[in-house]
Amino acid sequence: MRKTLTTLQTLRNKGEKIAVLTCYDASFATLMENSGVDVLLVGDSLGMVVQGRESTLPVTIEQMAYHTACVASGARQAFIMADMPFGTSQVSPRETFAYAAQLMAAGAQMVKLEGGAAMVETVHFLTSRGIAVCGHLGLTPQSVNQLGGYRVQGKSDADAQQLIADALALQQAGAGMMLMEAIPAALAAQVTAQLSIPTIGIGAGAGCSGQVLVVYDMLGIYPGKKARFVKDFMPGAGSIAQAVANYVAEVKAGTFPAAEHSFY
Ligand code: KIV
């Protein structure tokens, strides 16, 4: 049976961790759900890991819809979430709805969009018209030029307070899930405690309701040095399916991320 937002909320309420991986095609979608992944995120990270671009900024809505349809073709049970690419959620709520509708028509069950207070009106517009929305706070890669690089966010008291306020405002506007990227573990745990919706962390410590990694990263396919929040699950696994199953098991057990993968 297909997992829904209600399934994810139930997992969160029971205290069972939610295992999420990015996914861009049908073959990986089938493998991942057979290995127990709850949510397949069609991330705009595909601009970097699939297309070889320097950032997520060049990814188009047509490319996101194409990859969402590929993932939907391979998945029967997993929940499918798709990223709103750069330029499609920074416009009017009405225009954002039209872009989001393309991803829903391609097979997404939820769209994810980056940003805090500025996104509240849009989140309300979408969720009150039937489109489930996941917020994305902390390091928001589409703002890399404004942030001055891929840096840990929410370190000062003021930034932490702003992030908490943004999370609460997005939830109030109807967001059904909240992804937090590259923030101190204690801040992510605090947000998780204050929200009633599931939180998903990447570089946000073990205190979130679930975890996500870019699949290429957790399979050890990354250029240069491994990022602190990444764990390569391939060594000793013997197969990709086993590496993914090991990731799911560690997320569910709360042993990934460990302190060495978190920021303080
Ligand atoms: O696009 C992506 O892969 C993401 C990550 C933060 C998981 O949004």
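Overview of the structure. (Residues numbered from 1 in each chain as written. Predicted model: local features only at pLDDT ≥ 70, side-chain atom pairs only at ≥ 80, totals over all residues. Heavy atoms only, no water.)

1. With respect to the side chain of Ser209
For Ser209, the position within the fold is in the loop between strand S7 (199-202) and strand S8 (210-213). Among the polar contacts made by the side chain of Ser209, one reaches the main-chain amide nitrogen of Thr199 at a distance of 2.8 Å. (Helix = DSSP H or I, 4+ residues; strand = E, 2+ residues; numbered from the N terminus. Polar contact = N/O pair within 3.5 Å; in protein donor to acceptor, adjacent residues only side chain to side chain.)

2. Some points on the site of the ligand
Every residue lining the ligand is accounted for by Thr22, Leu41, Gly43, Asp44, Ser45, Asp83, Lys112, His136, Glu181, Ile202, Val212 and Val214. Here Ser45 contributes a side-chain N or O atom positioned 2.5 Å from an oxygen atom of the ligand. For the ligand, an oxygen atom lies 2.7 Å from a polar atom in the side chain of Lys112. For the ligand, the accessible surface in isolation is 260 Å², of which the surrounding protein chains cover 96%. The cavity that encloses the ligand is the largest pocket. Its residues assigned to classes, the shell around the ligand comprises 4 nonpolar, 4 polar and 4 charged. (Near = heavy atom within 4 Å. Areas by Shrake-Rupley, 256 points an atom, 1.4 Å probe, with all protein chains shown as cover. 1 Å grid on protein atoms, 1.4 Å probe; cavity = no way out; pocket = protein on both sides within 12 Å on 5 of 7 lines; lining within 4 Å. Sits in = over half its atoms within 2 Å of the grid points. Nonpolar A, V, L, I, M, F, W, Y, C, P; charged D, E, K, R; others polar.)

3. Details of the state of the cysteines
Linking two cysteines covalently through their sulfur atoms gives a disulfide. Summed over all chains, the structure comprises 0 disulfides. With no disulfide of its own, Cys23 lies closest to Cys70 among cysteine sulfurs, the gap being 9.6 Å. A residue is classified by how much of its surface remains accessible, and Cys23, at 0% relative accessible area, is buried. With no disulfide of its own, Cys208 lies closest to Cys134 among cysteine sulfurs, the gap being 11 Å. On the basis of relative accessible area, Cys208 is assigned to the buried category, the value being 1%. (Disulfide = S-S within 2.5 Å. Buried < 20%, exposed > 50% of the residue type's maximum accessible area, 1.4 Å probe, protein only.)

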